[in-house]
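Coordinate analysis (summary)
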Amino acid sequence: MSEIFKLLPPVHDLQAHSRFKALQTGDVTSARLTEWTRAELESLRQQVREHPNTFKKDRAHFTDVILTKLEERVAAWLSPHIHKVINATGTVLHTNLGRARLSESAVHAVTKAAKHYTDLEYDIETGERGSRHQIIEERVKEVTGAEAAMVVNNNAAAVYLVLKALAQDKAVAVSRGELVEIGGSFRVSSIMEESGASLVEVGTTNKTHLYDYKQAVENGAQMIMKVHTSNFVISGFTATVDSQELASLKEQDEGLIIYEDLGSGVLFDFSDEGIGKEPTVPDALAPGVDLVTFSGDKLLGGPQAGIIAGKKKWIDQLKKHQLARVLRVDKMTLAALDATLKMYAGSKELIEQLPVVRDVVASVEDIERKAAYFMKHFSTKWKMELLDGFSQVGGGTMPEVSLPTKLVQVIPPDQKIEKFSTWLRKKGEPCIITRRNEEGLSLDFRTVTVEEIEEIILRFQTYENELRHQAE
Ligand SMILES: *Cc1c(COP(=O)(O)O)cnc(C)c1O
């Protein structure tokens, strides 16, 4: 046993190796590399101890094993830790893939804000201190029709701020049909508890009536919270009360706050295109509704943010709350959101240039054109078939909507679908995420841009070349 350990290369031998030297760059100092070398040697020693028979008893072999490990480590260390991913699943708002892609103008605005000093809290008119709220408020008011607005870190933060600032130690009525859980860790009941507001459940899972809310208000509820059931549908024998109807309860109690958590923040009426029935923000801000909150990076198609819009009286209180400082957004988010909202102030054509909107409304013909262009680059070694299918909007929105699409079903030349899909994900850049099903792997070009098609073609060709080299 001890004989085999003698075959492990000493650190100074490795340091003298040309492959080791090639790894030393300005970013990877020799001290760092030496530390990694010691760690890799230690881990190899451990492996040899546990499985001595899996190694060739040869110094050159061990040297190669260590150097390969080091090369992998250096490559991983040098590569950014957020990787570009091509989303060929067709799911537009893929939460795991970072939700919305920004528009070109939003990207430009972010870069500019990041690179330069800005008037984030400086009033250019007067030369005095300004407010970061003001920067974005006008824009939100313009596109939503709200009286006032503010922006925080995400919609969960927006909900929390509203409850904490306006309903702590107060009773908040929520329909039992709307006590939702969104994407793993956001539960209306938990966030309510965290905020110190006390939840008063009204109605039943499938039916809640105006008189249910009325009773809660009579019993002292000071806020009614409506929660958009973003990620599921209840069908059949159901009844809900919309926030406009709820406003009638204000006759009974003037101080009553009507608040709706919308989730997605739709500013483009997808239902006009025959897609879903998501309420738009301006519609939700009906007379009598005090506040609405929504995400910046769901169907709105902007950066991660939570937008609170509604009555000035309440927004002013929210802005003054200590938490507003805790939950505030940075200049890059504000820049991206500003540029995104500006597009909504423009024409329908402009709005359809927002990647999220563009991808949701994309026609089957558009998608088929991209798919056909892609397929014509491959010989019959690849089995490719164009199939009808459906894409999801995703991100916990429009759960009942299936968008008709065209899928390219692929079987690679070596017919090893699992291996190929792993290779697309892990080997080389950019990482390509595809759909997997029993028959194979398929690509939905709904969420793939024209430039990305070229990148996918290149990666597929690389795979074919690797197969050829292996065969030779
Ligand atoms: C998505 C969603 C949230 C959470 O929003 P984030 O921006 O992800 O924090 C809250 N409420 C509803 C109804 C949602 O759909």
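Residues numbered from 1 in each chain as written. Predicted model: local features only at pLDDT ≥ 70, side-chain atom pairs only at ≥ 80, totals over all residues. Heavy atoms only, no water.

**Observations regarding the overall build of the chain**
When its secondary structure is counted, the chain shows 20 helices and 17 strands. Over its C-alpha atoms, taken along the principal directions, the chain stretches across nearly 90 × 50 × 50 Å. Looking at the chain residue by residue over its 472 residues, the buried ones come to 47%. Restricting to contacts in the chain with at least 6 residues of sequence separation, those with at least 24 account for 75%. By element, 50% of the accessible surface of the chain is carried by carbon and sulfur atoms, the whole surface being about 23,700 Å². (Helix = DSSP H or I, 4+ residues; strand = E, 2+ residues; numbered from the N terminus. Buried < 20%, exposed > 50% of the residue type's maximum accessible area, 1.4 Å probe, protein only. Contact = heavy atoms within 4.5 Å. Areas by Shrake-Rupley, 256 points an atom, 1.4 Å probe, with all protein chains shown as cover.)

**Some remarks on the domain arrangement of the chain**
According to the domain assignment, the chain contains domain 1 (2-78), domain 2 (85-94 + 358-471) and domain 3 (104-351). Here the C-alpha centre of domain 3 lies 55 Å away from the C-alpha centre of domain 1. (Domains from an automatic or database assignment.)

**A word on the pairing of strand 14 (residues 403-411)**
Of all the nine residues making up strand 14, seven are buried; the element is thus mostly covered by neighbouring parts of the structure. For strand 13 (residues 383-391) and strand 14, the ladder comprises nine bridges, and the chain directions are antiparallel. Across the sheet, Lys383 pairs through a bridge with Ile411, a residue of strand 14. In this sheet, strand 17 (residues 441-444) lies alongside strand 14 in antiparallel orientation, the contact comprising four bridges. Counterpart to Val410 in the pairing with strand 17 is Leu441. (Pairing = 2+ DSSP bridges.)

**What to know about the sheet that holds strand 10 (residues 257-263)**
On the basis of which strands lie adjacent, the open sheet formed by seven strands has the order 4-12-11-10-9-5-8 and mixed pairing. Of all the strands in the sheet, the pair left with one neighbour each is strand 4 (148-152) and strand 8 (198-202). Geometrically, the sheet is characterised by an average inter-axis angle of 20° between neighbouring strands, direction not taken into account. This element, helix 8 (residues 155-167), spans strand 4, strand 5 (171-175), strand 9 (223-227), strand 10, strand 11 (291-295) and strand 12 (306-310) of the sheet and lies at about 155° to strand 11. Running over the sheet, helix 9 (residues 188-195) touches strand 5, strand 8 and strand 9 and is turned about 145° from strand 9. (Axes fitted to C-alpha atoms, helices over the stretch in contact; angles between N-to-C directions.)

**Here we look at the packing of helix 8 against helix 13 (residues 312-320)**
Relative to each other, helix 8 and helix 13 sit at 100°, their axes nearing to 10 Å. By the angle between their axes, helix 8 is roughly perpendicular relative to helix 13. Within the contact between the two elements, helix 8 uses Leu161, Val162, Ala165 and Leu166 and helix 13 uses Trp314, Gln317 and Leu318. When its residues are assigned to classes, the contact of helix 8 with helix 13 shows six nonpolar, one polar and no charged. (Parallel < 35°, antiparallel > 145°, perpendicular 65-115°, else oblique. Nonpolar A, V, L, I, M, F, W, Y, C, P; charged D, E, K, R; others polar.)

**Quick look at the packing of aromatic side chains**
Each aromatic ring pair is summarised here by two numbers: the centre-to-centre distance and the angle between the ring planes. Tallying each qualifying case throughout the model produces 15 aromatic pairs. Arranged with centres 5.3 Å apart and planes meeting at 85°, the rings of Phe374 and Phe460 form a pair that is edge-to-face. Highlighted residues: Phe374 in helix 18 (residues 364-375) and Phe460 in helix 20 (residues 450-471), separated in sequence by 86 residues. Note on accessibility: Phe374 and Phe460 belong to one class, buried. With a centroid separation of 5.1 Å and 25° between ring planes, the pair formed by Trp382 and Phe460 is classed as stacked. Of this pair, Trp382 sits in the loop between helix 18 and strand 13 while Phe460 is found in helix 20, placing the two residues 78 residues apart along the sequence. Counting every residue linked through ring pairs, the aromatic cluster contains Phe374, Phe378, Trp382, Phe420, Trp423, Phe445, Phe460 and Tyr463. Note that Lys207 overlies the ring of Phe237, its terminal NZ or CZ placed 3.6 Å from the centroid. Of note, Arg459 hangs over the ring of Trp423, and the distance from its end group to the ring centre comes to 4.6 Å. (Phe/Tyr/Trp six-rings, centres within 6.5 Å; stacked < 30°, edge-to-face > 60°. Lys NZ or Arg CZ within 6 Å of the ring centre and 35° of its normal.)

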